[in-house]
Amino acid sequence: MYNIVVFASGNGSTLQSIIDAISENKLEANIPLVVSNNPKAFALERAKKANIPTYLIKEKDNEKMDAELVQVLDKYNIDLIVLAGYLKLIGKGLLSKYTIINTHPALLPKYGGKGMYGMNVHRAVIANHDDYSGVTLHYVNSEYDRGPTIMQTSVKVLPTDTPEDLATRVQTAEKIQLVEVLKSFVQNAYNIK
Ligand code: GAR
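Residues numbered from 1 in each chain as written. Predicted model: local features only at pLDDT ≥ 70, side-chain atom pairs only at ≥ 80, totals over all residues. Heavy atoms only, no water.

A. How the structure looks around the pairing of strand β5 (residues 80–83). Side-chain alternation along β5 places L80 and V82 on one buried face and I81 and L83 on a second face that is also buried. Pairing geometry for strand β1 (residues 2–7) and β5, over four bridges, is parallel. Within β5, the residue paired with I4 across the bridge is L80. Remark: the β5/helix α4 (residues 92–97)/strand β6 (residues 100–104) crossover connection has right-handed handedness. (Buried < 20%, exposed > 50% of the residue type's maximum accessible area, 1.4 Å probe, protein only. Helix = DSSP H or I, 4+ residues; strand = E, 2+ residues; numbered from the N terminus. Pairing = 2+ DSSP bridges. Right-handed = clockwise from strand over helix to strand, strands pointing away.)

Dropping the structure here:
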């Protein structure tokens, strides 16, 4: 089985879309672990409800956090790590061991970088009167939102959109794109094996 570890810092609706795709047999994969840096993340509740083990990161310092995660994840047989609303920078140890992808709620390279996450992105897009926003799925490297793009989907910004309206439509597109790309990762892994 293709094993996807999901990292999440917040609500976890993106995690939920992966859980749902698996339980509806749209995605042939398993989530052996959900990792979070935030004890209050609702993502942890979602994981528990789906009987998925969770791990709460102890360290606060980035380098120590990297070493901690390398040790914890070593026990698992991991094909892919998905950052689903995870707000910490990924360290060298994890980057050298795993394929890691991130979903970002904008058309990178626009609206990326430190501090550009969730509603901050949608507020900035509306404030700049952009005609289009969207979602970017990309490989993770040592900089926020700078790794190579895997796929992008555009979402039209309507003149009447509030940041919340835009967030809703972007997140709908984001979940579809993520599950499609995950399916292709699983397919490729099976073809290679
Ligand atoms: C998602 O839209 C994700 O793209 C974004 O946070 C949201 C998390 O929602 N991530 C970033 O902005 C990372 N730079 P969720 O907690 O409901 O899955």
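B. Looking closely at the packing of aromatic side chains. All told, the structure shown has two aromatic pairs when counted by the stated rule. Measuring from centroid to centroid gives 5.0 Å for F7 and Y86, while their planes differ by 75°, and the two rings are edge-to-face. Of the two residues, F7 sits in strand β1 while Y86 sits in the loop between β5 and α4, which places them 79 residues apart along the sequence. For the pair Y139 and F185, a centre-to-centre distance of 6.3 Å together with 45° between the ring planes defines the contact as tilted. With Y139 in strand β7 (residues 132–139) and F185 in helix α6 (residues 163–192), the pair connects residues that are 46 residues apart, well separated along the chain. (Phe/Tyr/Trp six-rings, centres within 6.5 Å; stacked < 30°, edge-to-face > 60°.)

C. Fine view of the environment of A41. Along the chain, A41 falls in the loop between β3 (34–36) and α2 (42–49). A sequence separation of 25 residues divides A41 from Q16, and the C-alpha atoms of the two residues are 13 Å apart. Apart from the residues within four sequence positions on either side, A41 is in contact with S9, G10 and S36. (Contact = heavy atoms within 4.5 Å.)

D. Inspection of the layout of surface pockets at higher detail. There is about 740 Å³ of room inside the largest pocket. Forming the walls of the largest pocket are 36 residues, and the residues nearest its centre are G85, Y86, L87, Y117 and G118. Of the residues in the lining of the largest pocket, the class split is 13 nonpolar, 18 polar and five charged. The calculated volume of the second largest pocket comes to roughly 150 Å³. Together, N62, E63, D66, L89, I90, G91, K92 and S142 line the second largest pocket. No other element matches the three residues that helix α3 (residues 62–73) contributes to the lining of the second largest pocket. Partitioned by chemical class, the residues of the lining of the second largest pocket number two nonpolar, three polar and three charged. (1 Å grid on protein atoms, 1.4 Å probe; cavity = no way out; pocket = protein on both sides within 12 Å on 5 of 7 lines; lining within 4 Å. Points joined across faces, edges and corners; volume = space filled by probe spheres on them. Nonpolar A, V, L, I, M, F, W, Y, C, P; charged D, E, K, R; others polar.)

E. Fine view of the site of the ligand. The ligand sits among 15 residues. The nearest are G12, S13, T14, G118 and E174. Interatomic distance of 2.6 Å between a side-chain N/O atom of T14 and an oxygen atom of the ligand. One of the side-chain nitrogen or oxygen atoms of H104 is found 3.1 Å away from a nitrogen atom of the ligand. For the ligand, whose accessible area on its own is 450 Å², the fraction buried by protein is 92%. The site holding the ligand turns out to be the largest pocket. Elements with a minimum of two residues in the shell around the ligand: α1 (13–23), β6 and α6. Broken down by class, the residue content of the shell around the ligand amounts to three nonpolar, ten polar and two charged. (Near = heavy atom within 4 Å. Polar contact = N/O pair within 3.5 Å; in protein donor to acceptor, adjacent residues only side chain to side chain. Areas by Shrake-Rupley, 256 points an atom, 1.4 Å probe, with all protein chains shown as cover. Sits in = over half its atoms within 2 Å of the grid points.)

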